[in-house]
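Fold and contact review
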Amino acid sequence: MHPENRLPLLLLLLSGCVCEEKPHRLPEPETRYVVLKVLDTATGRDITENGEAGNAELFLFTPEGEYAGQVSVDENRITHHTPVALPGDRPGGSRICVWTNAESGQRLHVPTDGSRIEERAISLLTGSDGYHGTPDNLFFGQLRLAQTGDGSPEEIRIFRKNARLHIAVRGMDDSRPETLYYLTIGTSEDGYDFEGNPMSGPVTVREEGRFDEHGDFVTRTFGMLHSDPAATDAVTVNLYERTEARASDRLVVSVTETDDGHPISLPAGRTTNLLIDLGKGTDASVRVEITPWDEIYQWEIW
């Protein structure tokens, strides 16, 4: 081919080889997953499948502790170990706080934009008589997401948050009507923040009782917010006698510690069994036995 004819052909070939540029695509946000595992506080046994934890609310916070969203998980998904997708792009270090069974027995505070993880999540309810109600069987757990995900769900372990209390008073006159007597239980914390830390506020719970076959005045077994094990006067138990002749009911006995000098405590996930023996002296004898959640201690008879 003559050299003069090669230039138009070369230009034609070059113009036909221009490649179309593809637009730059951002990577898809990574979906993070979690799965809830329910454990018994005392034994560490996996109790996820018995359904005791009920329904769950997952509260999402940024790594700095600012509220970022909420996810509801029903009992069926928990008992079947179903992974839960977290909404949005969850960065590593995000914090997740889980509360379960927080239904009618207490108030669950729903955070709003601007809320922080240190704010109140749970409050006890107060009745028309001024006494506080007893909470549901709350479970709680929390997790910081790993910095990077590998596609598999991260596990959030949740445990019972509250305590249980059973009281027996020995040495009372069981020939008198049991309706003359009642107990009050006072504590210094009336709720939890989203991280599960107790929140300060005075609490007074009132409990009726009955005389059992041994003549002890006993209460039902009921839920309480757990107490701070480091507190020296976290729990006060008072026994009252109703009196019509007086303006106020008569205080029979008030106790805050056991015979060995230890403060009465309400450990999370366990049952505190309290025995107050009025005896024949001026001072009551006080004994405590801590048992697993679903066990009641049987005090010996003498």
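Just so it is clear, the model here is predicted, and its values are computed rather than measured.

Okay, the overall build of the protein chain next. Helix and strand counts for the protein chain stand at two helices and 19 strands. Taking all 302 residues of the protein chain together, the buried fraction comes to 43%. A fraction of 65% describes how many contacts in the protein chain between residues 6 or more apart in sequence connect residues 24 or more apart. Of the roughly 16,500 Å² of accessible surface on the protein chain, a fraction of 49% belongs to carbon and sulfur atoms.

Counted according to the given criterion, the structure contains nine aromatic pairs. With a centroid separation of 5.1 Å and an interplanar angle of 65 degrees, the aromatic rings of Phe 59 and Phe 194 are classed as edge-to-face. Highlighted residues: Phe 59 in strand S2 (residues 56-61) and Phe 194 in the loop between strand S11 (181-193) and strand S12 (198-207), separated in sequence by 135 residues. Exposure remark for Phe 59: the relative accessible area of 0% places this residue in the buried category. Taking the centre distance of 6.0 Å and the plane angle of 65 degrees together, the rings of Phe 61 and Tyr 67 count as edge-to-face. Its relative accessible area of 0% is what places Phe 61 among the buried residues.

One can find Asn 273 in strand S18 (residues 270-277). On the basis of relative accessible area, Asn 273 is assigned to the buried category, the value being 0%. Polar side-chain contacts of Asn 273 include one of 3.0 Å to the side chain of Thr 291. Look past the residues within four positions of Asn 273 in its chain and what remains in contact with it is His 166, Arg 287, Val 288, Glu 289, Thr 291, Glu 295, Ile 296, Tyr 297 and Trp 299.

Within the element layout of this structure, Gly 88 appears in the loop between strand S4 (84-85) and strand S5 (95-100). Note: C-alpha distance between Gly 88 and Thr 31 (57 residues apart in sequence) is 7.4 Å.

The subject of this paragraph is unusual backbone geometry. Phi is positive for His 81, close to 55 degrees, though the residue is something other than glycine. Overall, His 81 belongs to the partly exposed group, its relative accessible area being 34%. Positive phi, close to 65 degrees, is recorded for Asn 101, a residue that is not glycine. Along the polypeptide, Asn 101 turns up in the loop between S5 and strand S6 (106-108).

This brings us to the sheet that holds strand S1 (residues 33-38). Ordered by their spatial adjacency, seven strands build an open sheet running S3-S2-S5-S8-S9-S1-S4, and the pairing between neighbours is mixed. One side of each edge strand has no neighbouring strand; the edge strands of this open sheet are strand S3 (67-73) and S4. Pairing geometry for S2 and S5, over six bridges, is antiparallel. Note on S5: the bridge partner recorded for Phe 59 is Cys 97.

Within the secondary structure layout, Thr 184 lies in strand S11. The exposure class of Thr 184 is buried, given its relative accessible area of 6%. Setting aside its immediate chain neighbours within four residues, Thr 184 contacts Tyr 131, Thr 204, Val 205, Arg 206, Thr 236, Val 237, Asn 238 and Tyr 240.

Turning to the confidence of the model for the protein chain, a few remarks are in order. Residues of the protein chain with pLDDT of at least 70 account for 88%, and the chain-wide mean is 89. The low-confidence segment residues 7-15 (pLDDT under 50) makes one contact with residues lying over four places distant or belonging to another chain.

The biggest cluster of nonpolar side chains holds 42 residues, and the ones touching the most others in it are Trp 99, Ile 167, Val 169, Val 237, Leu 239 and Ile 276. Setting aside anything within four residues of it in sequence, one finds Ile 276 in contact with Ile 167, Ala 168, Val 169, Arg 170, Val 237, Val 253, Val 255, Ala 284 and Ser 285.

Here is the key point about a regular strand: its side chains alternate between the two faces of the sheet. The buried count for S2 comes to six of six residues, which makes it a mostly enclosed element. Of the two faces of S2, the one carrying Ala 56, Leu 58 and Leu 60 and the one carrying Glu 57, Phe 59 and Phe 61 are both buried. In this sheet, S3 lies alongside S2 in antiparallel orientation, the contact comprising six bridges. Residue pairing for S3: Phe 59 is matched across the bridge by Gln 70. Once S2 ends, the chain turns through five residues before running back antiparallel as S3, passing Gly 65 with a positive phi of about 95 degrees.

Per the counting criterion, the structure on display carries 14 salt bridges. Between Arg 120 and Asp 190 there is a salt bridge; the shortest N-O distance is 3.1 Å. Of this pair, Arg 120 sits in strand S7 (residues 120-124) while Asp 190 is found in strand S11, placing the two residues 70 residues apart along the sequence. Here Arg 120 falls in the partly exposed class, since its relative accessible area comes to 23%. When the shortest N-O distance is used, the salt bridge between Glu 241 and Arg 176 registers 2.7 Å. Taken together, the positions of Glu 241 in strand S16 (residues 235-241) and Arg 176 in the loop between strand S10 (163-170) and S11 put the pair 65 residues apart, joining distant regions of the chain.

The rules behind these values
Residues numbered from 1 in each chain as written. Predicted model: local features only at pLDDT ≥ 70, side-chain atom pairs only at ≥ 80, totals over all residues. Heavy atoms only, no water. Helix = DSSP H or I, 4+ residues; strand = E, 2+ residues; numbered from the N terminus. Buried < 20%, exposed > 50% of the residue type's maximum accessible area, 1.4 Å probe, protein only. Contact = heavy atoms within 4.5 Å. Areas by Shrake-Rupley, 256 points an atom, 1.4 Å probe, with all protein chains shown as cover. Phe/Tyr/Trp six-rings, centres within 6.5 Å; stacked < 30°, edge-to-face > 60°. Polar contact = N/O pair within 3.5 Å; in protein donor to acceptor, adjacent residues only side chain to side chain. Pairing = 2+ DSSP bridges. pLDDT = per-residue confidence, 0-100. Core = buried A, V, L, I, M, F, W, Y, C linked by side-chain atoms within 4.5 Å. Salt bridge = Lys/Arg side-chain N within 4 Å of Asp/Glu carboxyl O.

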